[in-house]
Amino acid sequence: MPLRTLLVHGDADSQMPVRMSLATDVARRHHAKLLVIFALQGRSAAFLYAQHAPADVVSRQIRAERLRAARIGARLTDRAARAEIGLAWRAIEGRPDTVLAQQAAAADMLVLSQDGDDAASPLVAPVTLAAGKPVLCVPRGGPFASCGRRVLLAWNGSRESARAAHDARPFLRQAERVILFTADDETSAGTSAEDAASHLAADGISVEIQRAPLSRRDPGQAILGAASDHGVDLVVMGAYGHSRLREWALGGATRTVLRSMAVPTLLSY
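Keep in mind that this is a model prediction, so the values were computed, not measured.

The rules we used
- Residues numbered from 1 in each chain as written.
- Predicted model: local features only at pLDDT ≥ 70, side-chain atom pairs only at ≥ 80, totals over all residues.
- Heavy atoms only, no water.
- Helix = DSSP H or I, 4+ residues; strand = E, 2+ residues; numbered from the N terminus.
- Buried < 20%, exposed > 50% of the residue type's maximum accessible area, 1.4 Å probe, protein only.
- Contact = heavy atoms within 4.5 Å.
- Areas by Shrake-Rupley, 256 points an atom, 1.4 Å probe, with all protein chains shown as cover.
- Core = buried A, V, L, I, M, F, W, Y, C linked by side-chain atoms within 4.5 Å.
- Pairing = 2+ DSSP bridges.
- Axes fitted to C-alpha atoms, helices over the stretch in contact; angles between N-to-C directions.
- Salt bridge = Lys/Arg side-chain N within 4 Å of Asp/Glu carboxyl O.

1. Some thoughts on the overall build of the chain
Looking only at helices and strands, the chain has 10 helices and 12 strands in total. Considering the chain as a whole, with its 269 residues, one finds that 49% of them fall into the buried category. A fraction of 78% describes how many contacts in the chain between residues 6 or more apart in sequence connect residues 24 or more apart. When the accessible surface of the chain is split by element, carbon and sulfur atoms take 50% of a total near 13,400 Å².

This is how it looks when you write it as structure tokens:
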């Protein structure tokens, strides 16, 4: 399926310009529109601070948050119009992870920033595992000159990696080079790298298969190393979820990549 709508996490954080710049570039290349979602937490925070702050102070904080979101939304809408890219923004009450996951039904892909090391409320893991749509995670820092021209597709024959390959097809079709990277041994269960490459070739996507025996190496480190060695500007991988009953968490390889990623990474679950 083509990319028609990218949902971008709207906030006043320092990484907002970086993810908006990348989302805008992707939207331009794929003739997509942007949907920027701001999660307003003023009312929920009011319950926490109501006993310690006068009601009028809490009300001012709620109004200020709404006004800030409106100003950012207006500025983004104006810039997108000048760039001839469709953009809509919405401010919705609720926790960011919940709001973004719920609104994902209105988009083909979500654009989030990499969580900081000290993130009190991480977004990438809960949104990826709950949204049902691929998540393009943008490294902290930037800007990034390109995204999707040279792609590394991490493959281990699993359902998650197959889903990631499917979700990344809009990028794979436009890429100048696609590397299908497997760090699994030959005895691994699931679809082989050769079969995956043949399946993609039937859709007009030419890939190069690169293997790296794992031995004792962390798969996540192997993916990061291959991405650096081949100078890719996009990593595509499946996200592996665990601990559904207590809290959302991602598997070891996914956590390693998200912690140390240097290029945008497309996650599918």
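Resuming the write-up.
2. Re the nonpolar core
By size, the foremost hydrophobic cluster in this structure holds 46 residues, and its most contacted members are Leu 34 and Leu 136. The leading source of residues in this core is helix α1 (residues 16–30), at 7 residues. Beyond its immediate chain neighbours, meaning those up to four positions away, Leu 34 contacts Leu 6, Val 8, Met 20, Ala 23, Thr 24, Ala 27, Ile 85, Gly 86, Leu 87 and Ala 88. In this structure, Leu 129, Ala 183, Leu 224 and Met 261 belong to the second largest nonpolar core, which totals 24 residues.

3. Some thoughts on helix α4 (residues 96–103)
For α4, the buried fraction is high: 6 of the 8 residues fall into the buried class. When α4 is considered as a whole, its buried residues turn out to be Pro 96, Asp 97, Val 99, Leu 100, Ala 101 and Gln 103. Close packing links the buried residues of α4 with β1 (5–10), β2 (33–40), β3 (87–93), β4 (109–113) and α5 (124–131).

4. Focus on the sheet that holds β4
As summarised here, the arrangement of the 10 strands in space is β3-β2-β1-β4-β5-β12-β9-β6-β7-β8, forming an open sheet in which the pairing is mixed. Of all strands in the sheet, those bounded by a partner on one side alone are β3 and β8 (208–211). With direction set aside, neighbouring strand axes in the sheet form an average angle of 25°. Sheet analysis places β2 next to β3, joined by 7 bridges and oriented parallel. By the bridge assignment, Ala 39 is partnered in β3 with Ile 92. On top of the sheet, α1 reaches β1, β2, β3, β4 and β5 (135–138); it is set at about 175° to β1, its chief contact.

5. Some remarks on the pattern of salt bridges
The final tally for this structure, using the stated rule, is 10 salt bridges. Here Glu 93 and Arg 66 are joined by a salt bridge, their closest N and O atoms 3.0 Å apart. Remark: Arg 66 occurs in helix α3 (residues 55–82) and Glu 93 occurs in strand β3; sequence separation between them is 27 residues. The class of Glu 93 is partly exposed, set by a relative accessible area of 31%. The exposure class assigned to Arg 66 is partly exposed, which follows from its relative accessible area of 37%. Between Asp 203 and Arg 169 there is a salt bridge, with the nearest N and O atoms lying 2.7 Å from each other. Note that Asp 203 is positioned in the loop between α8 (193–201) and β8 and Arg 169 in helix α7 (residues 169–174), a separation of 34 residues in sequence. Here Asp 203 falls in the partly exposed class, since its relative accessible area comes to 28%. A relative accessible area of 10% means that Arg 169 is categorised as buried.

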